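Observations on the three-dimensional arrangement
The chain contents come next:
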Amino acid sequence: MRKPIIAGNWKMNKTIEDALTLIEGLKLELADCMDVEAVVCPPFTALKVVGDEIADTQIKLGCQNMSSEDDGAYTGEISHTMLKELFVKYVILGHSERREYYKETDFWVNKKVKKALEKNLRPIVCVGEKLEDREAGNTESVVEAQVRGSLADITAEQFKDVVVAYEPVWAIGTGKTATSEQAQAVHKFIRGVIADMVGQDAADGLRIQYGGSMKPDNAKELLSQPDIDGGLIGGAALDARSFAAIVKAGM
Ligand code: PGA
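The structure displayed is predicted, hence computed values, not measured ones.

Conventions and cut-offs
- Residues numbered from 1 in each chain as written.
- Predicted model: local features only at pLDDT ≥ 70, side-chain atom pairs only at ≥ 80, totals over all residues.
- Heavy atoms only, no water.
- Core = buried A, V, L, I, M, F, W, Y, C linked by side-chain atoms within 4.5 Å.
- Buried < 20%, exposed > 50% of the residue type's maximum accessible area, 1.4 Å probe, protein only.
- Helix = DSSP H or I, 4+ residues; strand = E, 2+ residues; numbered from the N terminus.
- Contact = heavy atoms within 4.5 Å.
- Salt bridge = Lys/Arg side-chain N within 4 Å of Asp/Glu carboxyl O.
- Near = heavy atom within 4 Å.
- Polar contact = N/O pair within 3.5 Å; in protein donor to acceptor, adjacent residues only side chain to side chain.
- Areas by Shrake-Rupley, 256 points an atom, 1.4 Å probe, with all protein chains shown as cover.
- Nonpolar A, V, L, I, M, F, W, Y, C, P; charged D, E, K, R; others polar.
- Pairing = 2+ DSSP bridges.
- Axes fitted to C-alpha atoms, helices over the stretch in contact; angles between N-to-C directions.

Examining the nonpolar core
Ranked by internal contacts, the top residues of the largest apolar core, which has 67 residues, are Leu26, Val40, Val50, Leu151, Val162, Ile190 and Tyr210. Take this core: its biggest share by element is 7 residues, from helix H8 (residues 180–198). In this structure, Leu26 is in contact with Val40, Ile59, Ala240, Phe243 and Ala244, ignoring residues within four places of it in sequence. Counting residues in hydrophobic clusters, the runner-up holds 11 residues, among them Ile5, Cys41, Tyr90 and Cys126.

Written out as structure tokens, the structure reads:
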């Protein structure tokens, strides 16, 4: 049995004060939520205050990026040591916005994934096709290349700490959700690719989240698909009630 995992990706939103308001609301809403793993990924500047707030709750702390290096002259970067000091457990890597705007390639995502696993942080590794890929019938080849590239050289044992997020780029922040059939088909495909890479057992244990305009009103339908094990939530994670409703849809 795979425990569903719902993660909120706050992106570049929320000042410290706003982050506190949101997490206080979430603590109330999710007080008795045990069957689903709920993760919040605030911006770096709010990790400390949010982490302090959730220290004695079931809610886990994640962040949105990490350097592939240990320390040194890397202006603007944040290391695994700095994140672990703040009790960060999960790190989103290879989000399509980082791939698109900051030119992160599978090579770099893979370096970061390896570093995260080596340092006992759990990567949430994002993959997903663009609209033109889907329209050209290339969804599977694009997603397969990202999965194989971003997760190269990860062992079956290490896969226990990996989460994959399938996020069709055309569905992110657009209000266009993949239908549950479209999403399920790609999730099943990804699990098959992982099985080919590291074996069926590791693939069966892997949690694969869907991301892209997941909202309280479509979450249940998506989460009821056999290969959809959670969600990576952007817009709807910025409001305590709507994020909590999605978490509860996974119960
Ligand atoms: P969205 O974002 O829920 O706003 O579409 C999802 C994501 O980018 O992770």
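With respect to the pattern of salt bridges
Applying the stated criterion to the full structure yields 25 salt bridges. Arg122 is paired through a salt bridge with Glu37; the nearest N and O atoms lie 3.9 Å apart. Highlighted residues: Arg122 in strand E5 (residues 122–127) and Glu37 in strand E2 (residues 37–41), separated in sequence by 85 residues. Salt-bridge contacts for Arg122 lead to Asp161; the nearest nitrogen and oxygen are separated by 3.8 Å. Placement of Arg122 in strand E5 and of Asp161 in the loop between helix H7 (139–150) and strand E6 (163–166) is noted, with a sequence separation of 39 residues between them. Salt bridges here are not isolated pairs; linked through shared partners, they connect Glu37, Lys60, Arg122, Asp161 and Arg207.

Re helix H11 (residues 240–249)
Burial runs high along H11: 7 of the 10 residues are buried. At its buried positions, H11 is contacted by strand E1 (5–9), helix H1 (16–29), E2, helix H10 (216–223) and strand E8 (230–233).

What about the site of the ligand?
Around the ligand sit 13 residues in total, of which Lys11, His95, Glu167, Gly173 and Ser213 are the nearest. Within the contact set of the ligand, an oxygen atom lies 2.6 Å away from a side-chain nitrogen or oxygen of Glu167. Contacts to the ligand include Gly235, whose backbone N or O atom sits 2.8 Å from an oxygen atom. Look at the ligand: alone it shows 280 Å² of surface, and the protein chains cover 97% of it. Here the shell around the ligand is built from residues that sort into 4 nonpolar, 7 polar and 2 charged.

Concerning the pairing of E5
The buried count for E5 comes to 5 of 6 residues, which makes it a mostly enclosed element. With 4 bridges joining them, strand E4 (residues 90–93) and E5 adopt parallel strand pairing. Across the sheet, the residue bridging to Val91 is Pro123, located in E5. By the bridge criterion, 4 bridges tie E5 to E6 in an arrangement that is parallel. Residue pairing for E6: Val125 is matched across the bridge by Val164.

Points about the sheet that holds E1
Strands pair in a sheet through their backbones, by hydrogen bonds, and they do so in one of two ways: parallel or antiparallel. Read around the closed barrel, the 8 strands follow the order E1-E2-E3-E4-E5-E6-E7-E8; overall the barrel is parallel. Geometrically, the sheet is characterised by an average inter-axis angle of 25° between neighbouring strands, direction not taken into account. As paired strands, strand E7 (residues 207–211) and E8 are joined by 2 bridges and run parallel to one another. Each residue of the ladder has a partner; that of Tyr210, found in E8, is Gly231. Contacts from helix H2 (residues 47–54) reach E2 and strand E3 (60–63) within the one sheet, and its direction differs from that of E3 by about 165°.

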